[in-house]
Amino acid sequence: MSSVQSQQEQLSQSDPSPSSNSCSSFELIDMDAGSLYEPVSPHWFYCKIIDSKETWIPFNSEDSQQLEEAYNSGKDCNGRVVPTDGGRYDVHLGERMRYAVYWDELASEVRRCTWFYKGDKDNKYVPYSESFSQVLEETYVLAVTLDEWKKKLESPNREIIILHNPKLMVHYQPVAGSDDWGSAPTEQGRPRTVKRGVENISVDIHCGEPLQIDHLVFVVHGIGPACDLRFRSIVQCVNDFRSVSLNLLQTHFKKAQENQQIGRVEFLPVNWHSPLHSTGVDVDLQRITLPSINRLRHFTNDTILDVFFYNSPTYCQTIVDTVASEMNRIYTLFLQRNPDFKGGVSIAGHSLGSLILFDILTNQKDSLGDIDSEKDSLNIVMDQGDTPTLEEDLKKLQLSEFFDIFEKEKVDKEALALCTDRDLQEMGIPLGPRKKILNYFSTRKNATGINRPTLQPASGANIPKESEFCSSSNARNGDYLDVGIGQVSVKYPRLIYKPEIFFAFGSPIGMFLTVRGLKRIDPNYRFPTCKGFFNIYHPFDPVAYRIEPMVVPGVEFEPMLIPHHKGRKRMHLELREGLTRMSMDLKNNLLGSLRMAWKSFTRAPYPALQVSETAEETEAEPESTSEKPSDVNPEETSVADKEEVLPINVGMLNGGQRIDYVLQEKPIESFNEYLFALQSHLCYWESEDTVLLVLKEIYQTQGIFLDQPLQ
């Protein structure tokens, strides 16, 4: 100890405030380290398999601190569970494993890390095992305390670690193929850097997420298991969506966060692809798949066929049951884990997922049991017990004598509603009663909004009649207009909550409704249980279609342009609009000048009388001035009229607000829209503009607005 004290005295005389960072010689480093030993600060990591390679990812600072507190609590770690990542994962401390809570995912190894070495092919550091890290720490303590370096340790894998000094520690890995009788490990392989403590390695450690959850959003994916060009799953894409939302909350809702008015929005993925393809259909498809172009056929079976599955009665039922049951299950589990949650719920769907949610929402029934909701539910599945029988209907029409004929032909009320005039004539019904029956069922259909007694397959023969009905706007306020005609005959499950807003990203809803035979959505129609609906798409998205022209088919108008998250429009869009406006002004001025010159050139000569000439000039001047605005400004007035007609009525599907919202393309995307078409369909997960619109609409329902409104 006397030697250590003498070293401290010498060091204090040479430098009043010594630090290891300011020392340049190894001797000074050694002396300083001998007097300033500090215990290492552990940080918790978990292992993920990314591109078939293990990658160690640090927990955020709050989760790591919670894990360390649980580890140091003195209690038995076995059976101890610590929620992390905003409650989406649970860490079983005794097992050192991390499990997903709301979805199926392979468990990840968890490690309490103190020592690291640099990996082979990248600059990412890999943590040593906890047991070997403890051995390294004990060796480091002895080296610092006794000021004895050049320590050599051998890992369980015969790898050599040499501690030269506090700033220089290396790791030697044996060369592949060397045997037990080979040369010394220290002479083999390239040395790797060894670091002590997470603060000495380059790694991003986030602060954590707000504990308060204001709103819950379920996100349903589209076709296939991959959701972007990097072939990532819905879980990974929703993780990006959530991360973008947390960043935007800090930048665009800063005042509300400082006043502790808001916490965060939780986004949870809903996976239906895996349950669908676990039914054994893949095995059946494989038997009939040709062996050529194997990868392309596998991609088709695994991805594109999901569209055909949804139009199959058997697999459509599986899909809607999976989506609804998963959302109900996750919602129940979420409430169990967050008993203080008082916020609302919204749903979002990408591509085919948006169509699935649309069909589920159109077939919901309001749980309040009011009159309007009962009317709405009539069109989903007709309840035989609540409606008059065929015999009662014929009695009402004073045609009871024909009931025996219908009974003999086994024609019930549903079959009679599908009969044509020729069908009734073949059964022997006279002309007068035929007209009464046909008129009764047609007027009843129009009055109640029932297009068919039960949901008919898409291949039914009644689609022309239904499309004619849907093109007419005879639904009263509160009546249910069936926007789901042509759907396959399935029983739509019921959600145990009422979504506040439905967001559709890159959605083909409009196309599917048109293909099903629907020409028009009644302006008074709204979802039975959902108040809002936003159709968000990229202008180059080949899968996206508009909704508003189906509500207002006779008017042409542009969709709402989503503002850039930094405000204003993108530079190339402003430049394009400026050039268009400037060319329009030049055109109008040039045409006006040419018209005035032509009129003055073709004007007839006036009489020589001075008085009459001045009189005619005074009459001609107001005439010319009155003609000038009508000749020069027709296009300007039309443009002004177009700008004034912006507040257009697009119906009640979104509570009277606009439905279609288009993103602004990036400058590089505007060069070739075909080149970026596929990418534009998969761009929504990391689009700040999309996420900001979602957050803005969600928090507006709570009376919270952006710090600065975007223009």
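Residues numbered from 1 in each chain as written. Predicted model: local features only at pLDDT ≥ 70, side-chain atom pairs only at ≥ 80, totals over all residues. Heavy atoms only, no water.

Undergrad: Any chance you could explain the overall build of the chain here in plain terms?
TA: For the chain, the count of helices and strands is 25 helices and 19 strands. Residues classed as buried in the chain amount to 44% of the 711 residues present. (Helix = DSSP H or I, 4+ residues; strand = E, 2+ residues; numbered from the N terminus. Buried < 20%, exposed > 50% of the residue type's maximum accessible area, 1.4 Å probe, protein only.)

Undergrad: Where do I start with the sheet that holds strand S7 (residues 115–118) in this structure?
TA: Backbone-to-backbone hydrogen bonds pair the strands of a sheet. The strands run either parallel or antiparallel. Overall, antiparallel pairing links the 6 strands, which are arranged S8-S7-S12-S11-S10-S9 in an open sheet. The strands lining the two open edges of the sheet, one partner per strand, are strand S8 (125–127) and strand S9 (151–154). Averaged over all adjacent pairs, the angle separating strand axes in this sheet is 30°, with direction ignored. Relative to strand S12 (residues 192–196), S7 runs antiparallel, the two being bridged by 3 bridges. When the bridges of S12 are listed, Tyr-117 appears paired with Val-194. Along the sheet face, helix H4 (residues 130–146) touches S7, S9, strand S10 (160–165), strand S11 (168–172) and S12 and points at about 165° away from the line of S9. (Pairing = 2+ DSSP bridges. Axes fitted to C-alpha atoms, helices over the stretch in contact; angles between N-to-C directions. Contact = heavy atoms within 4.5 Å.)

Undergrad: Is there a simple way to think about the nonpolar core in this case?
TA: Inside soluble globular proteins, nonpolar side chains tend to come together where they are buried. Counting 101 residues, the largest nonpolar core has Phe-218, Met-327, Phe-502 and Phe-533 as the members making the most contacts within it. With 9 residues, helix H10 (residues 313–337) is the largest single contributor of residues to this core. Looking at which domains feed residues into this core, each of domain 1 (43–175 + 189–196) and domain 2 (210–364 + 492–593 + 648–706) gives three or more. Discounting residues that sit within four places of it in the chain, Phe-218 has contacts with Leu-268, Val-270, Met-327, Ile-330, Tyr-331, Val-345, Ser-346, Ile-347, Ala-348 and Tyr-497. The next biggest cluster of nonpolar side chains, apart from the first, holds 16 residues, and it includes Leu-399, Phe-402, Phe-406 and Met-427. (Core = buried A, V, L, I, M, F, W, Y, C linked by side-chain atoms within 4.5 Å. Domains from an automatic or database assignment.)

Undergrad: What exactly am I supposed to notice about the side chain of Asp-689 here?
TA: Structurally, the position occupied by Asp-689 is in helix H25 (residues 688–700). By relative accessible area, Asp-689 is classed as buried at 4%. At 2.9 Å, the side chain of Asp-689 and the backbone nitrogen of His-565 are in polar contact. (Polar contact = N/O pair within 3.5 Å; in protein donor to acceptor, adjacent residues only side chain to side chain.)

Undergrad: Would you take a moment to explain unusual backbone geometry for this structure?
TA: Trans peptide bonds make up most of the peptide bonds, and negative phi angles are found at most residues other than glycine. In this structure, Gln-260 is a non-glycine residue whose phi angle is positive, near 55°. With respect to the element layout, Gln-260 can be found in the loop between helix H6 (254–258) and strand S14 (264–270). Judged by its relative accessible area of 67%, Gln-260 falls in the exposed class. The backbone of Ser-351 sits at a positive phi, close to 60°, despite the residue not being glycine. Take Ser-351: it is sitting in the loop between strand S15 (344–350) and helix H11 (352–362).

Undergrad: Honestly, the pattern of salt bridges in this entry has me stumped. Any pointers?
TA: A side chain with one charge may pair with a side chain of the opposite charge, provided their charged atoms come close. With the rule as written, the count across this model stands at 25 salt bridges. Of the charged contacts in the structure, one is a salt bridge between Arg-88 and Glu-209, with a shortest N-O distance of 2.6 Å. In this pair, Arg-88 is assigned in the loop between strand S3 (81–84) and strand S4 (89–92) and Glu-209 in the loop between S12 and strand S13 (213–220), connecting sequence segments 121 residues apart. Residue Arg-88 shares its accessibility class with Glu-209, and that shared class is buried. (Salt bridge = Lys/Arg side-chain N within 4 Å of Asp/Glu carboxyl O.)

Undergrad: Is there a simple way to explain the packing of aromatic side chains in this structure?
TA: Pairs of aromatic rings are described using the distance from one ring centre to the other and the angle between the two planes. All told, the structure shown has 26 aromatic pairs when counted by the stated rule. Put simply, the rings of Phe-241, Phe-267, Phe-505, Tyr-684 and Trp-685 touch in pairs and so form one group of aromatic residues. In this arrangement the basic side chain of Arg-98 is found over the ring face of Tyr-46, its NZ or CZ atom lying 3.8 Å from the centre. The ring of Tyr-89 has Arg-98 sitting right over it, with the charged end atom 3.5 Å from the ring centre. (Phe/Tyr/Trp six-rings, centres within 6.5 Å; stacked < 30°, edge-to-face > 60°. Lys NZ or Arg CZ within 6 Å of the ring centre and 35° of its normal.)

Undergrad: Help me understand a negative patch on the surface in this model?
TA: On the surface, Glu-391, Glu-392, Asp-404 and Glu-407 cluster together into a patch of negative charge. Of all the secondary-structure elements, those providing two or more residues to the negative patch are helix H13 (390–396) and helix H14 (403–408). Note that Glu-407 resides in helix H14. Classification of Glu-407 by relative accessible area gives exposed; the value is 51%. (Patch = residues over 30% accessible without salt bridge, like charges linked within 9 Å, V, L, I, M, F, W, Y side chains within 5 Å. Areas by Shrake-Rupley, 256 points an atom, 1.4 Å probe, with all protein chains shown as cover. Lys, Arg positive; Asp, Glu negative; His and termini not counted. Charge placed at Lys NZ, Arg CZ, Asp CG, Glu CD.)

Undergrad: Just checking my understanding: could you explain the state of the cysteines for this structure?
TA: By definition, a disulfide is the covalent link that joins the sulfur atoms of two cysteine residues. A complete count under the given rule lists 0 disulfides for this structure. As a non-bridged cysteine, Cys-237 has Cys-227 as the owner of its nearest cysteine sulfur, 4.8 Å distant. You can call Cys-237 buried: its relative accessible area is 0%. (Disulfide = S-S within 2.5 Å.)

Undergrad: Can you walk me through the environment of Val-662 in this structure?
TA: Of note, Val-662 is situated in strand S19 (residues 660–662). For the pair Val-662 and Gly-506, spaced 156 residues apart in sequence, the C-alpha separation works out to 9.8 Å. When neighbours within four sequence positions are excluded, Val-662 is seen to be in contact with Tyr-537, His-538, Pro-539, Pro-559, Met-560, Leu-561 and Ile-562.

Undergrad: How do you make sense of helix H3 (residues 61–71) when you look at a structure like this?
TA: Every α-helix winds through 3.6 residues per turn, so residues three or four apart in the chain are directed the same way. Looking at H3, one finds that the buried residues are Asp-63, Ser-64, Leu-67, Glu-68 and Ala-70. Looking straight down H3, one finds its buried side chains confined to an arc of 160°; they lie on one side. One side-chain oxygen of the residue at the start of H3 lies 3.1 Å from the amide nitrogen of Glu-62, identifying that residue as Asn-60. (Arc of directions from axis to C-beta.)

Undergrad: Help me understand the sheet that holds S4, please; the structure alone is not making it clear to me.
TA: Taken together, the 6 strands give an open sheet; going across it, the order is S2-S1-S6-S5-S4-S3, and neighbouring strands pair in antiparallel fashion. On the outer flanks of this sheet lie strand S2 (53–58) and S3, each paired with one strand and no other. Strand-to-strand, the axes of this sheet are offset by a mean angle of 35°, without reference to chain direction. Pairing between S3 and S4: 4 bridges, direction antiparallel. Each bridged residue has a counterpart across the sheet, and for Pro-83 the counterpart in S4 is Asp-90.

Undergrad: I tried to follow the confidence of the model for the chain on my own but got confused; where do I start?
TA: Reading predicted coordinates in detail is not appropriate for stretches of low pLDDT. Averaged over the chain, the pLDDT score is 78; the fraction of residues at 70 or greater is 72%. Taken as a whole, residues 1–34 scores under 50 in pLDDT and shows 30 contacts with residues more than four places along the chain or in a different chain. (pLDDT = per-residue confidence, 0-100.)

Undergrad: Explanation requested: the pairing of S10 in the structure shown.
TA: Along any regular strand the residues' side chains alternate between the sheet's two faces. Most of S10 is tucked away: 5 of the 6 residues are buried. The pairing of S9 with S10 spans 4 bridges and is antiparallel. Each bridged residue has a counterpart across the sheet, and for Glu-154 the counterpart in S10 is Ile-160. In this structure, S10 lies alongside S11, joined through 5 bridges in antiparallel fashion. Residue Ile-161 lies in a different strand from S11, and its bridge partner there is His-171. Hairpin connection between S10 and S11: a loop of 2 residues separates the two successive antiparallel strands.

Undergrad: Please clarify how the packing of helix H9 (residues 294–310) against H11 should be interpreted in this entry.
TA: Two quantities define a packed helix pair, namely the angle between the axes and the distance from one axis to the other. Running from N to C, H9 and H11 cross one another at 15°; their axes reach a closest spacing of 11 Å. Between H9 and H11, the interaxial angle falls into the category roughly parallel. Relative to H11, the crossing made by H9 is left-handed. Counted together, Asp-306, Val-307 and Tyr-310 of H9 and Leu-352, Leu-355, Ile-356 and Asp-359 of H11 form the full contact between these two elements. Split into classes, the residues belonging to the contact of H9 with H11 amount to 5 nonpolar, no polar and 2 charged. (Parallel < 35°, antiparallel > 145°, perpendicular 65-115°, else oblique. Left-handed = near helix turned anticlockwise from the far one by under 90°. Nonpolar A, V, L, I, M, F, W, Y, C, P; charged D, E, K, R; others polar.)

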